[in-house]
Amino acid sequence: MPRALITGITGQDGSYLTELLLEQGYQVHGVVRRTSSLDRSRLHDLYHDPNVYGKSLFLHYAELDDATTFRRVLGTASPDEIYHLAGQSHVGLSFEIPESTCKMTGMATLRLLEMIQDQEKVPRFFHAASSEIFGKPAELPQNEKTPFKPVNPYGASKAFATNMVSIYRNTFGVFGVNGIMFNHESPRRGENFVTRKICRAAAAIKLGKQNELLLGDTSAKRDWGHARDYVRGMWLSLQHTTAEDYVFATGHLHSVQDVVDTAFKTVNLNPGDYVRQDQRFMRPTEPQRLVGDPTKAKRLLNWEPSTSFHDMIEEMTQIEMKRLDGEYVKD
Ligand code: GDD
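Residues numbered from 1 in each chain as written. Predicted model: local features only at pLDDT ≥ 70, side-chain atom pairs only at ≥ 80, totals over all residues. Heavy atoms only, no water.

Draft legend 1. Examining the overall build of the protein more closely. The helix and strand tally for the protein stands at eleven helices and 13 strands. Counting only contacts in the protein whose residues sit at least 6 apart along the sequence, the fraction spanning at least 24 positions is 79%. About 14,700 Å² of surface is accessible on the protein, with carbon and sulfur atoms providing 48% of the total. Between the averaged position of the 39 positive side-chain charges in the protein and that of its 41 negative side-chain charges there is a distance of 1 Å. (Helix = DSSP H or I, 4+ residues; strand = E, 2+ residues; numbered from the N terminus. Contact = heavy atoms within 4.5 Å. Areas by Shrake-Rupley, 256 points an atom, 1.4 Å probe, with all protein chains shown as cover. Lys, Arg positive; Asp, Glu negative; His and termini not counted. Charge placed at Lys NZ, Arg CZ, Asp CG, Glu CD.)

Draft legend 2. Highlighting the site of the ligand. The immediate surroundings of the ligand are formed by 24 residues, with Ser-89, Ser-130, Tyr-154, Arg-283 and Glu-286 found nearest. Separating an oxygen atom of the ligand from a side-chain N or O atom of Lys-197 is a distance of 2.7 Å. Protein chains shield 96% of the accessible area of the ligand, which is 720 Å² for the free molecule. Classifying every residue of the shell around the ligand gives ten nonpolar, seven polar and seven charged. (Near = heavy atom within 4 Å. Polar contact = N/O pair within 3.5 Å; in protein donor to acceptor, adjacent residues only side chain to side chain. Nonpolar A, V, L, I, M, F, W, Y, C, P; charged D, E, K, R; others polar.)

Draft legend 3. Summary view of the nonpolar core. Leu-17, Leu-21, Tyr-83 and Phe-126 are the most contacted members of the largest nonpolar core, which has 37 residues in total. A total of seven residues in this core trace back to one element, the largest contributor, which is helix α8 (residues 227–239). (Core = buried A, V, L, I, M, F, W, Y, C linked by side-chain atoms within 4.5 Å. Buried < 20%, exposed > 50% of the residue type's maximum accessible area, 1.4 Å probe, protein only.)

Draft legend 4. Summary view of the packing of helix α9 (residues 256–266) against helix α11 (residues 309–324). Viewed as axis vectors pointing N to C, α9 and α11 meet at an angle of 55°, and their least axial separation amounts to 9 Å. In terms of orientation, α9 lies oblique with respect to α11. Note that α9 runs across α11; the crossing there is right-handed. Here α9 contributes Asp-258, Val-259, Thr-262, Ala-263 and Thr-266 to the contact with α11, which in turn contributes Phe-309, His-310, Ile-313, Glu-314, Thr-317 and Gln-318. Tallied by class, the residues present in the contact of α9 with α11 amount to four nonpolar, five polar and two charged. (Axes fitted to C-alpha atoms, helices over the stretch in contact; angles between N-to-C directions. Parallel < 35°, antiparallel > 145°, perpendicular 65-115°, else oblique. Left-handed = near helix turned anticlockwise from the far one by under 90°.)

Draft legend 5. Local environment of the sheet that holds strand β11 (residues 246–248). A sheet is described by the order of its strands in space; here seven strands give the open sequence β3-β2-β1-β4-β5-β6-β11, paired in parallel fashion. Only two strands of the sheet have a single neighbouring strand rather than two, namely β3 (57–61) and β11. When the angles between neighbouring strand axes are averaged without regard to direction, this sheet yields 20°. Across five bridges, strand β2 (residues 27–32) lies against β3 in parallel orientation. What sits directly across from Gly-30, in β3, is Leu-59. Where helix α1 (residues 12–23) meets the sheet, it contacts β1 (3–7), β2, β3 and β4 (81–84), and its direction lies at approximately 175° from that of β1. Taken strand by strand, helix α5 (residues 98–117) contacts β1, β4 and β5 (124–130), and its axis lies near 170° from that of β5. (Pairing = 2+ DSSP bridges.)

Draft legend 6. Inspection of helix α6 (residues 153–172) at higher detail. Over its 20 residues, α6 runs 28 Å from end to end, which matches the ideal 28 Å to within 8%, given 1.5 Å per residue. Just downstream of α6, Gly-173 is the residue with a positive phi angle, here 75°. (Expected span 1.5 Å × (residues − 1).)

Written as structure tokens, this is what we have:
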């Protein structure tokens, strides 16, 4: 039975990846911060399933900046594969807490690389890198060779971590993979990311539970795919014979306004009646034209996104309607 260790297991990607790895017959170990609550978390069902928790799924308390406890978890879990997904992942927030973003996103990755090198059996290592490393890119679309030009503290810390994974791969032979993840969303997305915020608001307004939706820059564009597809890419990348970097993206750009239009159309409302711009949600700088070229992932891993932008936003909005109506939804 292969053994995997996931940092950030309680997040959107961590929960989908856990389900995928359990289906593939893995024993899954997750690192959980002491402050996280598992009740009502995305792992709630698995955590409360006696056939899963304690049998094929194990959770360990540790902080990424506490090397002693983390080393202990590594010893207990003895993983064949590590999926490093944890970190401060909100770009806007990284302007407010730049130091801790660099510590949690950049330095924590380096610390993990150092630790796994000391292991008797060195596990394969997946790092969730980000399209934010490209910032204001010189070329369009971006691929694995596009130079890094981050424009915010989050992107800079991810660029540092991405470089470190390459350095440990090229210098010390670690099987380290950077998955350069473009935006990926789902009904499990955190509420402060724009797609979930919009889908939830459209549903809440439809149900009379909210009056308006305040947004920042609605002309901002992103390459948005479905998180379920992207975690499959993570897993495939560690099964390949060689350690490589991969862009995971759809190759299609949409604006925040497109998200608004699709979500409000799903509930038959006119967005113009409800959406307002609010300075508080504007960022000091915006990356530009972040759109990925996933050709390499397709060629080497046979990876392709399977859910369209339109279907994803519609699904997210419909699920919000059910949730706000008090229905339990297994998404
Ligand atoms: N969050 C948020 N809230 N974003 C808004 C809002 C708002 O009210 N209004 C407009 N936006 C714009 C942001 O300025 C940005 O241009 C875009 O919507 C997307 O914002 P987010 O959903 O917060 O995602 P992100 O692109 O900044 O970062 C996400 O994707 C990266 C690339 O995959 C995060 O998941 C990162 O962790 C990830 O690396």
